[in-house]
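The chain contents come next:
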Amino acid sequence: MDTATATATRPAPHASAGLDYDTIIIGAGLSGLYQLYRLRQQGQNVKVFEMGTGVGGTWYWNRYPGCRFDSESYSYGFSWSKEVLEEWDWTEHFAPQPETERYCNFVADKFDLKKDIQFSAKVKAAHYQDDSRSWKVTLTDGSEHTARWLVTAVGPLSAPVFPRIKGRDSYKGEAYHTGLWPKHEVTFEGKNVAVIGTGATGVQAITEIAKTAKTLTVFQRRPNWCKPLRNKQISKAEMDGIRQRYDEIFRKCQESATCFLHTPDMRKTFDVSPEEREAFWEHQYNEPGFSMWVGGFRDMMTNKAANDAVSEFVANKIRERVKDPKVAELLVPKEHGFGTRRVPQESGYYEVYNQDNVKLVSILENPIEEITEKGLRTAEQDYEFDMIVYATGFDAITGAFDRIDIRGAGGQTLKDKWSAGPKTFVGVLVEGFPNMFMLVGPHTALGNIPRSIEYAVEWVDDLIGHLSARGATYANPTPEAEEAWTEVVVKSNEGLLSSEVDSWMTGVNQNVEGKQTRIIARYSGTAPAFREYCDRVAANGYTEIATA
Ligand code: NA7
């Protein structure tokens, strides 16, 4: 294959002769919506297949009680449309799910995106066709669709996972997974409710369910370090002020390592006196959002002693807030330090355990043996519940890919290619899977995700534009380019305390076959460094990608 460098004019729309579409996008979440918008601007004939009945992805599926942002709303929304920024008012600093779902619909309707989206369309398989240099996408209804380019906009946290506990199907009461929450109203009044799982989702749901349930029993495996969210309403006047500052807000996000508004303090933990440290952490604990996580002392995630010190500060906060010292101790993580797994943001979570109607069961001490017809059985006792809520998370980052039968050139499956962990070129392309582009796939910078999404979408849009302008019908990264990027990703994770911990970020999920050991699932360098690498690839004419 040669690398096409010849200049040519952009082809007319619908240039993919003999194919149904120029591009098929899988997923109508934030990334799928924006990619559709951009490619349509190029004059492409695009189709989006979306499993749900509406747009929004994460914000469509996760409609569980208490679900909300923990990025500042105005740093999370799209930055690419001046009109949307002008017209949309956020009502809370950390918007609840219904507002975000409305926002996604607002954007989709404004740009008439839904006309190119097929809803209730679950993709079963995507196979590359060597002879026609195209992708054939098969839905679960058996229909087949072809396109030159395939964009996966499937999201890093979109494949919900139930716990592998015996008897789950025998339970006769109400049962819900937070990531598959139904659209109909679910009430807790007068009900005995169980929640399994205490990640970012469980923490939000538990706080809300505890307000009305007759009893709530929380089954916790490993506790997480939670920090107060400190949400507030946004008044009309305040929103007007935010609107004036949008340029500055997005510039700050662009410059920060994680694309959040918070940036690390450049001092090291032990550079300052114990009193100054305490005062700094106290201040951060009282600040909204991820202040304490991504805004901590700069050695917090690399120096064990520094991490132990901030962990002890947060542990003492838990001990102050939870009245029963035994319960407080159960809520203090022992096997990982603050920030080394995702920090759930809470609004009164710890106080829930001071309520008479709430009980915490540590399943590390008292494992769940079986789900029964009426509830569940632990090593110590039988429980009866009207409802079980599974807040047990996702098969993250690679899970949504694994659930589709993706085959590249010569029929190689993506699952096989990634059996020892993902290999990608800039997290967007995979060698041997020509013409496939991943948005926020493995090996990209996650952080404040819409910021990463916008960059990825625009990069893919430019690449497809570049290919189309040259009449290219084939794009496959070279093995050397893939190797080099994978090496960058591996290096970016070295020395981080978070790399030594089991979590969805390191690809571990005890509930998923074959995901018991850690992998390098994401790029952990800074977002500006990531963009610099990708910008260079584009500026050099994509020489790392073989085209024809
Ligand atoms: P997480 O963070 O993966 O949390 C899942 C929770 O479920 C966590 O507390 C798990 O305990 C628990 N879990 C999982 N399987 C079991 C079984 N079999 N028994 C008991 N408990 C179990 O998912 P979330 O949905 O909360 O959050 C995912 C991300 O979405 C979040 O980080 C945000 O970025 C948005 P464990 O810790 O594994 O011991």
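Residues numbered from 1 in each chain as written. Predicted model: local features only at pLDDT ≥ 70, side-chain atom pairs only at ≥ 80, totals over all residues. Heavy atoms only, no water.

Engineer: Just give me the short version of the overall build of the chain, but keep the residues and values in it.
Structural biologist: Counting secondary structure elements, the chain contains 18 helices and 20 strands. Reported as C-alpha extents along the three principal axes, the dimensions of the chain are approximately 70 × 55 × 50 Å. The buried share of the chain, reckoned over its 548 residues, is 58%. Excluding contacts between residues fewer than 6 apart, the proportion of contacts in the chain whose partners are at least 24 apart in sequence is 72%. When the accessible surface of the chain is split by element, carbon and sulfur atoms take 49% of a total near 22,300 Å². A gap of 1 Å separates the mean positions of the 63 positive and 75 negative side-chain charges of the chain. (Helix = DSSP H or I, 4+ residues; strand = E, 2+ residues; numbered from the N terminus. Buried < 20%, exposed > 50% of the residue type's maximum accessible area, 1.4 Å probe, protein only. Contact = heavy atoms within 4.5 Å. Areas by Shrake-Rupley, 256 points an atom, 1.4 Å probe, with all protein chains shown as cover. Lys, Arg positive; Asp, Glu negative; His and termini not counted. Charge placed at Lys NZ, Arg CZ, Asp CG, Glu CD.)

Engineer: Before we move on, could you go through the site of the ligand and cite the residues and values that matter?
Structural biologist: Near the ligand lie 19 residues; those nearest to it are Thr 201, Arg 221, Arg 222, Arg 341 and Asn 511. At 2.8 Å, a side-chain N or O of Arg 221 approaches an oxygen atom of the ligand. At 2.9 Å, a side-chain N or O of Trp 504 approaches an oxygen atom of the ligand. A total of 780 Å² of accessible area belongs to the ligand in isolation, and the protein chains cover 86% of it. (Near = heavy atom within 4 Å. Polar contact = N/O pair within 3.5 Å; in protein donor to acceptor, adjacent residues only side chain to side chain.)

Engineer: Go over the sheet that holds strand β15 (residues 382-384), please, and point to the residues and values.
Structural biologist: Strand order in this open sheet of 3 strands is β13-β14-β15, and the pairing throughout is antiparallel. Strand pairing shows two members of the sheet lacking a second neighbour, β13 (368-371) and β15, which therefore form its edges. The average undirected angle you get between the axes of adjacent strands in this sheet is 20°. Looking at chain direction, β13 and strand β14 (residues 375-378) are connected through 3 bridges and run antiparallel. Paired with Glu 370 across the bridge in β14 is Arg 377. (Pairing = 2+ DSSP bridges. Axes fitted to C-alpha atoms, helices over the stretch in contact; angles between N-to-C directions.)

Engineer: Lay out helix α18 (residues 527-539) in plain terms, naming residues and giving numbers.
Structural biologist: For α18, which comprises 13 residues, the first-to-last C-alpha distance of 18 Å matches the rise-based estimate of 18 Å (1.5 Å per residue) to within 8%. Among all positions in α18, only Ala 527, Phe 530, Arg 531, Tyr 533, Cys 534 and Val 537 are buried. Take α18 and look down its axis: the buried residues cluster within an arc of 160°, on one side only. With respect to the buried face of α18, the exposed residues turned more than 90 degrees away are Glu 532 and Ala 539. Looking at the buried residues of α18, the elements they touch are α8 (246-255), α16 (449-469) and α17 (479-492). (Expected span 1.5 Å × (residues − 1). Arc of directions from axis to C-beta.)

Engineer: I'd love a proper account of the pairing of strand β5 (residues 134-139), names of residues and values included.
Structural biologist: With 5 of 6 residues buried, β5 lies mostly within the body of the structure. As judged from the 6 bridges shared by strand β4 (residues 123-129) and β5, these two strands associate in the antiparallel manner. Following the sheet pairing, Val 123 is matched in β5 by Leu 139.

Engineer: Which residues make up the sheet that holds strand β16 (residues 387-390), and what values go with them?
Structural biologist: Spatially, 5 strands are ordered β7-β16-β8-β9-β12 in an open sheet, and the strand pairing comes out parallel. Of all the strands in the sheet, just β7 (174-177) and β12 (358-362) have a single pairing partner and so form its edges. Within this sheet the neighbouring strands show an average axis-to-axis angle of 15°, counted without direction.

Engineer: Would you mind going over the packing of aromatic side chains in detail, with residue names and values included?
Structural biologist: Inspection of every chain in the model, using the stated rule, returns 40 aromatic pairs. Ring geometry for Tyr 60 against Trp 61: centres 4.9 Å apart, planes inclined by 85°, an arrangement best described as edge-to-face. A relative accessible area of 24% means that Trp 61 is categorised as partly exposed. Within the aromatic cluster, the residues linked to one another by ring pairs are Tyr 34, Tyr 37, Trp 59, Phe 69, Tyr 76, Phe 78, Trp 80, Trp 88, Trp 90, Tyr 103, Phe 106 and Phe 111. Geometry around Tyr 390 places Arg 168 over its ring, the cationic atom sitting 5.9 Å from the centre. We note Arg 267 situated over the ring of Phe 280; from NZ or CZ to the ring centre the distance is 5.4 Å. (Phe/Tyr/Trp six-rings, centres within 6.5 Å; stacked < 30°, edge-to-face > 60°. Lys NZ or Arg CZ within 6 Å of the ring centre and 35° of its normal.)

Engineer: Which residues make up the side chain of Thr 138, and what are the values?
Structural biologist: With respect to the helices and strands, the residue Thr 138 is situated in strand β5. In this view, Thr 138 contacts Lys 122, Val 123, Lys 124, Ala 125, Ser 143 and Glu 144; residues no more than four positions away in its chain are not counted.

Engineer: I'd love a proper account of the packing of helix α9 (residues 274-286) against helix α11 (residues 304-321), names of residues and values included.
Structural biologist: In the contact formed by α9 and α11, the axes pass within 11 Å of each other and the chain directions differ by 55°. With respect to α11, the axis of α9 lies oblique. Note that α9 runs across α11; the crossing there is right-handed. Of α11, the residues touching α9 (which contributes Glu 278, Trp 281, Glu 282 and Tyr 285) are Ala 309, Val 310, Phe 313, Lys 317 and Arg 321. Class assignment of the residues belonging to the contact of α9 with α11 gives a composition of 5 nonpolar, no polar and 4 charged. (Parallel < 35°, antiparallel > 145°, perpendicular 65-115°, else oblique. Left-handed = near helix turned anticlockwise from the far one by under 90°. Nonpolar A, V, L, I, M, F, W, Y, C, P; charged D, E, K, R; others polar.)

Engineer: Give a detailed account of the nonpolar core, specifying residues and quantitative values.
Structural biologist: Ranked by size, the top nonpolar core spans 126 residues in total, and within it Trp 90, Tyr 353, Phe 437 and Trp 459 carry the most contacts. Looking at this core element by element, the count peaks at 10 residues for α16. Contacts of Trp 459, omitting those with residues within four sequence positions, involve Val 426, Val 428, Leu 429, Cys 534, Asp 535, Val 537, Ala 538, Tyr 542 and Ile 545. Counting residues in each nonpolar core, the second largest holds 25 residues, with Val 123, Ala 147, Met 436 and Tyr 474 among its members. (Core = buried A, V, L, I, M, F, W, Y, C linked by side-chain atoms within 4.5 Å.)

Engineer: Which residues make up the pairing of strand β6 (residues 144-152), and what values go with them?
Structural biologist: The buried fraction of β6 amounts to 8 of the 9 residues, a majority that puts the element mostly inside the structure. When β5 meets β6, the two strands line up antiparallel, connected through 4 bridges. Looking at the pairing, Lys 136 lines up with Thr 146 of β6. Two successive antiparallel strands, β5 and β6, enclose a turn made up of 4 residues, where Gly 142 displays a positive phi of approximately 95°. Relative to strand β18 (residues 436-438), β6 runs parallel, the two being bridged by 3 bridges. Paired with Val 151 across the two strands is Phe 437, which belongs to β18.

Engineer: Quick rundown of α16? Include the residues and the values.
Structural biologist: An ideal rise of 1.5 Å per residue puts 30 Å on 21 residues; α16 measures up with 30 Å between its terminal C-alpha atoms. Counting buried positions over the 21 residues of α16 gives 19, a clear majority of the element. A positive phi of about 70° marks Gly 471, the residue just after α16.

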